[in-house]
Amino acid sequence: MNEKQSAKLQNFDASGQPSAWDGDLLGRQDDAEFLLRFIVSRVDERKRAGRRGSYVLNVDAEWGHGKTFFMRGLFEDIQKAEHPAVFIDAWKNDFGDDPYTHVISEIESYFKGFVEDDPKTGPQAKFKNVYKAVKSNAGKIFWTALKGGAKRATRYVIGESTDEIIEVVQTYTPEGGREIASGSFEEIEKSVTAVNDSIIDAFADKRMQEFEEAKQSLANFKTSLAELLRAFEEHTGKKLPLFLLIDELDRCRPTYAITMLERIKHLFDVDDVVFILSTDTQQISHAIRAIYGAGFESKRYLQRFFSRTYQLPKPSVDELVETLVADSGVDPDKWSSPGITPDHVSFLAKASYHFDMSLRDVKQSVDILLSLTTTWREKGKIELSLMYPLIFGFLSGQDIDNLGENGWLWRRAAQIDDWIENDVGSFDGFKRFNQFNKRGDVVLEFLRKLRQPLYETMRVQVSEGSAIPTYTVAYVDDQLKREYHLRFSNVVRETERGDMLKYPALIKHAGNLRIY
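Residues numbered from 1 in each chain as written. Predicted model: local features only at pLDDT ≥ 70, side-chain atom pairs only at ≥ 80, totals over all residues. Heavy atoms only, no water.

Quick look at the sheet that holds strand β3 (residues 242–247)
Taken in spatial order, the five strands line up as β2-β3-β4-β1-β5 in an open sheet, and their pairing is parallel. The open sheet has two free edges, formed respectively by β2 (85–89) and β5 (308–311), since each of these has just one partner strand. When the angles between neighbouring strand axes are averaged without regard to direction, this sheet yields 20°. Strand direction decides the pairing type here: β3 and strand β4 (residues 273–279), joined by five bridges, are parallel. Residue Leu 242 lies in a different strand from β4, and its bridge partner there is Val 273. Across the face of the sheet, helix α3 (residues 67–80) comes into contact with β1 (55–60), β2, β3 and β4 while running at roughly 165° to β3. (Pairing = 2+ DSSP bridges. Helix = DSSP H or I, 4+ residues; strand = E, 2+ residues; numbered from the N terminus. Axes fitted to C-alpha atoms, helices over the stretch in contact; angles between N-to-C directions. Contact = heavy atoms within 4.5 Å.)

Focus on helix α16 (residues 384–395)
Between its first and last C-alpha atoms α16 spans 16 Å; for 12 residues at 1.5 Å apiece the expected length is 16 Å, and the two agree. Burial within α16 is extensive, with 11 of its 12 residues counted as buried. Regarding α16, the residues found buried are Leu 384, Ser 385, Leu 386, Met 387, Tyr 388, Pro 389, Leu 390, Ile 391, Phe 392, Gly 393 and Leu 395. Positive phi shows up at Gly 397, right after α16, with a value of about 80°. (Expected span 1.5 Å × (residues − 1). Buried < 20%, exposed > 50% of the residue type's maximum accessible area, 1.4 Å probe, protein only.)

Focus: the packing of aromatic side chains
Inspection of every chain in the model, using the stated rule, returns 26 aromatic pairs. Between Phe 347 and Trp 419, the ring centres sit 5.3 Å apart and the planes meet at 40°, which makes this aromatic pair tilted. Taken together, the residues Phe 347 in helix α14 (residues 344–354) and Trp 419 in the loop between α17 (408–414) and β8 (420–425) connect sequence positions 72 residues apart. Residue classification places Trp 419 among the buried residues on the basis of a relative accessible area of 4%. The rings of Tyr 110, Phe 111, Phe 114, Phe 127 and Phe 232 are connected pair by pair, giving a single aromatic cluster. Arg 72 extends its terminal NZ or CZ atom over the ring of Phe 87, reaching a point 3.8 Å from the ring centre. A cation over an aromatic ring shows up here: Arg 251 above the ring of Trp 91, its NZ or CZ 3.6 Å from the ring centre. (Phe/Tyr/Trp six-rings, centres within 6.5 Å; stacked < 30°, edge-to-face > 60°. Lys NZ or Arg CZ within 6 Å of the ring centre and 35° of its normal.)

Some details on the environment of Phe 446
Among the structural elements, Phe 446 can be located in helix α18 (residues 439–449). Owing to a relative accessible area of 0%, Phe 446 belongs among the buried residues under this scheme. Between the C-alpha atom of Phe 446 and that of Glu 383, which follows or precedes it by 63 residues, the distance is 9.7 Å. Apart from residues lying up to four places away in sequence, Phe 446 is in contact with Glu 383, Ser 385, Leu 386, Tyr 475, Val 476, Gln 479, Leu 480 and Met 500.

Some remarks on the pairing of β8
A one-sided burial pattern is seen for β8, the buried positions being Glu 421, Asp 423 and Gly 425 and the unburied ones Ile 420, Asn 422 and Val 424. Here β8 runs beside strand β9 (residues 433–438); their pairing, made up of six bridges, is antiparallel. Considered in β9, the bridge of Ile 420 is made with Lys 438.

Concerning the packing of helix α15 (residues 359–375) against α16
Relative to each other, α15 and α16 sit at 125°, their axes nearing to 9 Å. Here α15 lies oblique to α16, going by the angle between them. Two packed elements cross with a definite hand, and for α15 against α16 that hand is right-handed. Taking contact as the criterion, the partners of Asp 361, Val 362, Gln 364, Ser 365, Val 366, Ile 368, Leu 369 and Leu 372 in α15 are, on α16, Leu 384, Met 387, Tyr 388, Ile 391, Phe 392, Phe 394 and Leu 395. Split by residue class, the contact of α15 with α16 holds 12 nonpolar, two polar and one charged. (Parallel < 35°, antiparallel > 145°, perpendicular 65-115°, else oblique. Left-handed = near helix turned anticlockwise from the far one by under 90°. Nonpolar A, V, L, I, M, F, W, Y, C, P; charged D, E, K, R; others polar.)

Section: the nonpolar core
Looking at soluble globular proteins, one finds that nonpolar side chains tend to be buried together. Grouped together as the largest cluster of nonpolar side chains are 56 residues, with contacts concentrated most on Trp 335, Leu 369 and Leu 386. With eight residues, α16 is the single largest residue contributor to this core. Excluding residues that lie within four positions of it along the chain, Trp 335 makes contacts with Val 325, Val 330, His 344, Leu 348, Leu 369, Leu 370, Thr 373, Lys 381, Ile 382 and Leu 384. Membership of the second largest hydrophobic core comes to 47 residues, among which are Leu 229, Phe 232, Ile 258 and Val 273. (Core = buried A, V, L, I, M, F, W, Y, C linked by side-chain atoms within 4.5 Å.)

Some remarks on the side chain of Asp 477
When you line up the elements, Asp 477 lands in helix α20 (residues 471–488). A distance of 2.5 Å separates a polar atom in the side chain of Asp 477 from a polar atom in the side chain of Lys 449. (Polar contact = N/O pair within 3.5 Å; in protein donor to acceptor, adjacent residues only side chain to side chain.)

So, the pairing of β3
For β3, the tally of buried residues reaches six of six residues, placing the bulk of the element in the interior. Relative to β3, β2 runs parallel, the two sharing five bridges. Counted as the bridge partner of Ile 88 is Ile 246 from β3. For the segment spanning β3, helix α10 (residues 254–267) and β4, crossover handedness is right-handed. (Right-handed = clockwise from strand over helix to strand, strands pointing away.)

Topic: helix α4 (residues 99–112)
Over its 14 residues, α4 runs 20 Å from end to end, which matches the ideal 20 Å to within 8%, given 1.5 Å per residue. Along α4, the residues that are buried comprise Pro 99, Tyr 100, His 102, Val 103, Ile 104, Ile 107, Tyr 110 and Phe 111.

Side note on the environment of Pro 389
Looking at the element boundaries, Pro 389 is found in helix α16. Taking the relative accessible area as the measure of exposure, Pro 389 reaches 2% and is therefore buried. Beyond its immediate sequence surroundings of up to four residues, Pro 389 is in contact with Phe 355, Leu 384, Trp 408 and Leu 409.

Some details on the pattern of salt bridges
In the structure shown here, the tally under the stated rule is 25 salt bridges. Among the salt bridges present, the one from Lys 238 reaches Glu 82, with a minimum N-O distance of 3.6 Å. Of this pair, Lys 238 sits in the loop between α9 (185–236) and β3 while Glu 82 sits in the loop between α3 and β2; the two residues are 156 residues apart in sequence, bridging distant segments of the chain. For Lys 238, a relative accessible area of 16% corresponds to the buried category. Residue Glu 82 is classed as partly exposed on the basis of its relative accessible area, which comes to 39%. Through salt bridges that share partners, Glu 378, Glu 483, Arg 487, Arg 493, Glu 496, Asp 499 and Lys 502 make up one connected network. (Salt bridge = Lys/Arg side-chain N within 4 Å of Asp/Glu carboxyl O.)

Right, here's the structure in full:
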C-alpha cells in the first residue's frame, strides 16, 4: 500500500468521526469533489440562462468499480456542504410496483424531520404549510395509462362474464343505468346490446376525467414541491439544490429501473432538484433491449433521461485487487506468496497482468479466492502462486485437474518469461543472495515437487552456510516443509502428498459461488 492509500485509510471529518471516504483506495473522493462543484455551478448557470427543470447526472461504472462507495462518500460531502440530500437504495425496494412511492416516501421522511410541532408565524409556519401541501398532492398522484382503446377493452370485459358487466355498469354508468345491473342474467343478456355503447362511453368519460385529474395533481405537486424547496431554504438556511442520490439502479428489475427513470423525468422535473444515479450503463442498456427488442436503440433512449453522464475512471488492477481484498474482511494471513517480504496484493495484481486477465477475470478470480479463504481449514497456507492461476484456468474453461507437463497450467507458466523479480535476502542458515528469478518458475517448481510425496522434500539437505541454488527452489522447498511439519510434526509419513493437489476440487466448489 502506498503512502497516499495509507493516508486515505485514516480519513476523518472535522468532528473527528470516521468519514465515508475511509479506505478510498481508488481515489474516488477527488471525483466526488469535482462533481459537486460542477453540479452546483451548472444548476446556477442554467437558472441564469432561463432553463427550467431538474438536473439528472448518471454516474457510470462497471460492477466492482466502487459506485456505491462513491455514492456514499458523495452523499456525505453534499451534507457537509449544507445542501439537502436524500440517499435511496433502489435495489432494496424493487419488489414494489412503482418506484414513485419509494422516492416520495424518502423525500417526505427527510423534510418531516425539519417540521416543527407548532410553529405560529414566520418561515417555520410557512414551511409546515407547504410541506402539508406537498404531502397532500403527492398522495393524489397516480399513473393513468389511457391508450385509446377504452371501448375495445370494455367490450372485451362485457363479453367475458356477467360479473364484469355488473361491476362496469355499477361503477361507470349514471344512476338510471344501474337498474339493469340488479336484474337477472337473462335481463342483462337481453339488454347488453342496448346498453353497450352507453356503458362504454360512460367508462371512457370516466377514464378521461381521471386522466385530467391526474395531470392536475401532477401540476399541483410540482408547484408545491418548488414552493417547499424555497420555504425549506428560508426555514433551515440550507442551500439549494436538493440532491436525490439513487444507487444500485442497474441491479433492479429492468421494468422497475425503466419506471424509475420515467418517474424522475415526468414527476420530479422541478427547478433546484438534482438526481444523481449510479448505473452500469452498458448493463442497463442490455436490460432495456431485453424488454423492447434487440434492435431497440437503448443508449439513445437512456440519453433522454440524463443531463450528463460521468464515467468513473477504471481502477488499475492493483487498486481493484486491493479494494476487493480490503472490502472482503478475509484474513490474508491464510495466504502465502513468493517474495522475501511477501506482498499478497501486489503478487495477485502482477499475476493478473502476466496471465492476461481482464478486469472481469480479476474480479471473478479474486472472488473465488476469497470464498476459498473463508472456508479454508487446512493447517498449511493457501499458496497463491498455484491457487490463483488455477482459479483463472477454471474460469477460462481449462482442464485444471491435469497438473502434469502436458496440462494447461504447466504450459502457461512456461510461457511467462517477462515476470522477473529481484530476490534479495536470505533464509535462516543460508548465505545471503541477490538473484533475478522468473515467477513462472515458481509455479513449475511446485508442479514438479507435487509429483512426489512431501517426505521427499524433507530429505533434501543443504549444508549449513551454503548458498541457495535459487530463491525459487528454496521458497518451494520451504513451503512444502512447513506444510509437512504442520500436518505430521515429527512423525514419518512417507507416502503423503501435498494439500495443493486438492486445489482443483476446491476451486470447483468455490466456483459455484462466483459473481457473474
